Amino acid sequence: MKKKLLSILLATSMTILAACGGSNTTGGSTETDSGAKEEEAAGEETASEDAGAGEAASWDSISNVTLYYPVYFNMPSEAGIQSVQTELNKYLEPKIGVDIELHPVDMFQYTDQINLVLSSGDQVDIFMPLAGLSTYVTKGQVLPMDDYVDEMKEAIDLMGEDFMKSSYVNGSLYSLPVYKANTYQWYFMCRKDMVEETGVDLDSINSIADLEELLTKVHENHPDIYPLCPTNPNTFQLINSADGPEAEVDIDYLGDNPESCTGAVIGNTGKVENFYASDAFKEMVERAYDWNQKGLLMPEASVSPDIASDLIAAGRGFGSIIGYGYPMSEDMANRGTYGDYEMTWATCGTDLMQSAAFSNQFSLGYTSGDPAAACRLMNLLWTDEYVVNTIIYGLEGEDYVIPENFDPLNSMPDYPEGVTDQTAPYQARVSCGCFGNNFLMYGFGGSVKDFGMDLINNSKKSEYLGFLFDGSNVKTEITAVNNVISQYYTGLECGEMNPDETLPKFISELEAAGIDAIIAEKQAQLDAWLSQQ
C-alpha cells in the first residue's frame, strides 16, 4: 500500500515539486541522539511542561496560530486533531508563546480550499501557496517576512542560500521552502523473473532511451504482457523522466511542467521558447510513437484507468517508470502492491534542479493574527523533531507505537494493535514530503537523509534556480493555452498520435491561443531576474 500511495503522491507532486539545492549544514540535533529526544518529548509530558515553566513568564500572552497543511488519502478525525493540538500546546505555550490550531486539508482540494478561506477573511497564519507564490504576492494574500527573519534564523541557516532563492519576490522574503530532496531519481521498476529471462544487465541502463532493448526482449518473450505500463492513469512518465541531465539538453520549464508548459528555456541560452515546438519535445514524442507502434507500451493508455501496480499484480504488465526522492532497495522495491512478483529496478536518470525546485513552501497569510508568533512556529517546523513528528504521526499510543529496537532514523513507527492507516484517529504520514523539515521525521534520517543530501548538494542545478514567474498579466492566454495542451499532450506522450501529423496542428493552435504573449512575458521577467543575480 505504501509504495502505491507514494507513486501517486509523486505523480501528483510533479505539479508542485521539482528540485532543490542546499547546504551542508544539518542544524538541530545530531542524528545519533534524535530518536532519544523525540521519545523524551513525546513520552514525558510532565517533563516538557516543567522544562517550559521557567520560560512562561517571558510571554505576556499566548498567540493562536493556524496551520493549514495538506493531507493525502486519510483525513484525521476531529477528535484526533483536538488530541494532537492539546498535546502540542502543552509544549508550545512555554516554548514560544503559541497555541497551534491545526487545519489539515485534502491535498486534492487544497488550493481551492485555501483560496476560499483566504477570500473569506478568516485567520490564516501559515499555509502552502501551491497555486504559485508570485500569484499570492500579486493578489496581496501573503505577508512579507523580512521583519521576522530573527524568529526563523535557525531554519534559514539550516537550508542555506540555494534553498532560499525561490522564497523572494521583488526582493522581499515571502516563504520557507520544505527541506527535502526536492528532485527525483528516476527508476524503472519491473518484474525480476522477466528481466532474468532477457539476460539484460540492468546496470547498463542509464536513461529512458536505454530501456528499449529490455522492453523489446520482454515483448518478444511475452507478447501478451505489456512491457511498459502507465505509472498512473494516462501517463508513462516518458517525457517527465527524459529531460534531465542525461538528456542531450537541459530543460527548465520555468515554474511549469511538461504537461502544462507555457514557455521553457532549453539549454543555458537564457531564451524562453515554446517547448512543444522544440526539437527536444519532438524527439520525446517520436520515441513514444515508435514504442507504441512496436508494442512496447500498453495501448490506449490515454483513456484507460489502469495503472502499473495493478497490471503487474494481475500478470498483465512488466514494469513502469517512477520518480522517487529516496534510495531504492530490495525492501523498498518489494513493499508495493505488485502481487506475488518479486520486483527489481534500473536507475535511469536524475531530474535537473529547475527554477521552481522549491515551490513546495509555507508562507504567512495576509490575515495572520500575529505574524511574529507564526514565524516562531514556522521555525520549529524546520528545527524541532517533536513538533514535526507529532504533526506527521500523531500521538504515541493512540496513533502510533514504537516497536522494540526501533531505529528512528531508518524506520517508521507501527500502528497500535487493531489500528490501521484507515482507522488511526490522526495521521499525516503521506504528507511527509511536503511539510517542514523532512529529515527530522521518523524514517527519513540515516541512509535516506544521506541520499537526499547527496541529491541536494550534487545534483545538477539550473542556471535559473529560484526564478518565479508571475502569470497574472497573461491569465487569459494561460487558460487558453492549457486548454489546447490538454487536447494533444496525453495522446502524444502515450504514443497514440503520429507526431508528423499532429505536431504542426498542436503548435498552430498554441500560437492562436496566445503562447507567444506568455513567452514574451516570461522572457521579460527572466531578463529582469537575471539582471539582479
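In case you missed it, the structure is sitting above this.
Quick caveat, the model's predicted, so the values are computed rather than measured.

Trainee: Describe the packing of aromatic side chains, naming the residues involved and giving the relevant values.
Mentor: Overall, the coordinates contain 23 aromatic pairs when judged by the stated rule. Both rings, one in Tyr276 and one in Tyr489, keep their centres 6.4 Å apart while their planes meet at 75°; by these two values the pair is edge-to-face. Taken as a pair, Tyr276 in the loop between strand 11 (272–273) and helix 10 (279–293) and Tyr489 in helix 16 (residues 475–493) lie far apart in primary sequence, 213 residues in all. Overall, Tyr276 belongs to the buried group, its relative accessible area being 1%. Overall, Tyr489 belongs to the buried group, its relative accessible area being 7%. Of the aromatic side chains, those joined through ring pairs into one cluster are Tyr253, Phe275, Tyr276, Phe281, Tyr488, Tyr489 and Phe506. Geometry around Tyr341 places Arg191 over its ring, the cationic atom sitting 3.8 Å from the centre. The ring of Tyr415 has Arg429 sitting right over it, with the charged end atom 4.1 Å from the ring centre.

Trainee: Requested: an account of the sheet that holds strand 7 (residues 185–191), with residues and values cited.
Mentor: Within the open sheet, the 4 strands sit side by side as 8-12-7-13. Their pairing is mixed. If you trace the sheet from one side to the other, it starts and ends with strand 8 (226–228) and strand 13 (343–350), each paired once. Within the sheet, the average angular offset between the axes of one strand and its neighbour, ignoring direction, is 20°. Sheet topology note: the strand 7/strand 12 (residues 317–324) ladder contains 6 bridges and is antiparallel. The residue of strand 12 that forms the bridge with Phe188 is Ile321. Helix 9 (residues 212–221) rests against strand 7, strand 8 and strand 12 of the sheet, and its axis sits at about 175° to strand 8.

Trainee: Account for helix 15 (residues 446–458), naming residues and giving values.
Mentor: Compared with the 18 Å implied by 1.5 Å per residue over 13 residues, the 18 Å span of helix 15 between its first and last C-alpha is a close match. Taken together, the buried positions of helix 15 are Gly446, Val448, Lys449, Phe451, Gly452, Met453, Leu455 and Ile456.

Trainee: An account of the pattern of salt bridges is requested, with residue identities and associated values reported.
Mentor: This structure, assessed with the given rule, holds 10 salt bridges. Close ionic contact of Glu87 with Lys90 constitutes a salt bridge, the shortest N to O distance being 3.1 Å. Here Lys90 and Glu87 lie together in helix 4 (residues 78–96), a separation of 3 residues that amounts to about one turn. Between Lys153 and Asp157 there is a salt bridge, with the nearest N and O atoms lying 2.6 Å from each other. Of the two residues, Lys153 and Asp157 both sit in helix 7 (residues 153–164), 4 residues apart, roughly one turn of that helix. With a relative accessible area of 43%, Asp157 lands in the partly exposed category. Connected through shared salt-bridge partners, Glu212, Asp290 and Lys294 make up one network.

Trainee: Describe the environment of Val218, listing the residues and the values that go with them.
Mentor: Take Val218: it is sitting in helix 9. Placed 21 residues apart in sequence, Val218 and Glu197 show a C-alpha to C-alpha distance of 8.2 Å.

Trainee: Lay out unusual backbone geometry with the relevant residues and their values.
Mentor: Phi at Asn234 takes a positive value of approximately 75°, unusual for a residue other than glycine. By the element assignment, Asn234 lies in the loop between strand 8 and strand 9 (251–252). Its identity is not glycine, yet Asn405 carries a phi of approximately 60°, on the positive side. Structurally, the position occupied by Asn405 is in the loop between helix 14 (385–393) and helix 15.

Trainee: Would you mind going over the side chain of Ser304 in detail, with residue names and values included?
Mentor: Within the fold, Ser304 resides in the loop between helix 10 and helix 11 (308–313). You can call Ser304 buried: its relative accessible area is 12%.

Trainee: Mind laying out the sheet that holds strand 10 (residues 264–266), listing which residues take part and the relevant values?
Mentor: Across the sheet, which stays open at both edges, the 3 strands sit in the order 9-10-11 with antiparallel pairing between neighbours. The open sheet has two edge strands, strand 9 and strand 11, and neither has a second partner. Where strand 9 meets strand 10, 2 bridges bridge the pair, whose relative direction is antiparallel. Note on strand 10: the bridge partner recorded for Ile251 is Ile266.

Trainee: Just give me the short version of the nonpolar core, but keep the residues and values in it.
Mentor: Within the largest apolar cluster, 128 residues are counted, with the highest numbers of intra-cluster contacts made by Phe188 and Ile391. For this core, the element with the highest residue contribution is helix 13 (residues 371–383), accounting for 9 residues. The contacts of Ile391, once residues within four sequence positions are left out, are Leu67, Tyr69, Leu88, Ile100, Leu102, Leu381, Tyr426, Ala428 and Phe435.

About the cut-offs
Sequence order sets the numbering: in each chain, residues are counted from 1 along the sequence as written. pLDDT decides what is reported in this predicted model: residues at 70 or higher carry local features, side-chain atom pairs at 80 or more are listed and counted, and totals for whole chains, interfaces and linings draw on all residues regardless. With hydrogens and water set aside, each side-chain value is computed from the structure's full complement of heavy atoms. Each Phe, Tyr or Trp ring (for Trp, its six-membered ring) is paired with any other whose centre lies within 6.5 Å, and the angle between the two planes then decides the class: stacked below 30 degrees, edge-to-face above 60, tilted in between. Runs of H or I in DSSP of at least four residues are treated as helices and runs of E of at least two as strands, each being numbered from the N terminus. Exposure is judged per residue with a 1.4 Å probe applied to protein chains only, and the accessible area is read against the type maximum: over 50% gives exposed, under 20% gives buried, and values in between give partly exposed. By the criterion adopted, a ring carries a charge over it if an Arg CZ or a Lys NZ lies within 6 Å of its centre and within 35 degrees of its normal. Note on pairing: two strands pair once DSSP finds at least 2 bridges between them. Working convention: axes come from line fits to C-alpha atoms, limited for helices to the stretch in contact. Angles between N-to-C directions cover 0 to 180 degrees. Should any heavy atoms of two residues lie within 4.5 Å, those residues are counted as being in contact. Multiply 1.5 Å by the residue count of a helix minus one, and that product is the helix's expected span. Only one rule defines a salt bridge in this text: a Lys or Arg side-chain nitrogen within 4 Å of an Asp or Glu carboxyl oxygen. We call a set of buried residues a nonpolar core when its members are Ala, Val, Leu, Ile, Met, Phe, Trp, Tyr or Cys and they connect through side-chain atoms within 4.5 Å of each other.

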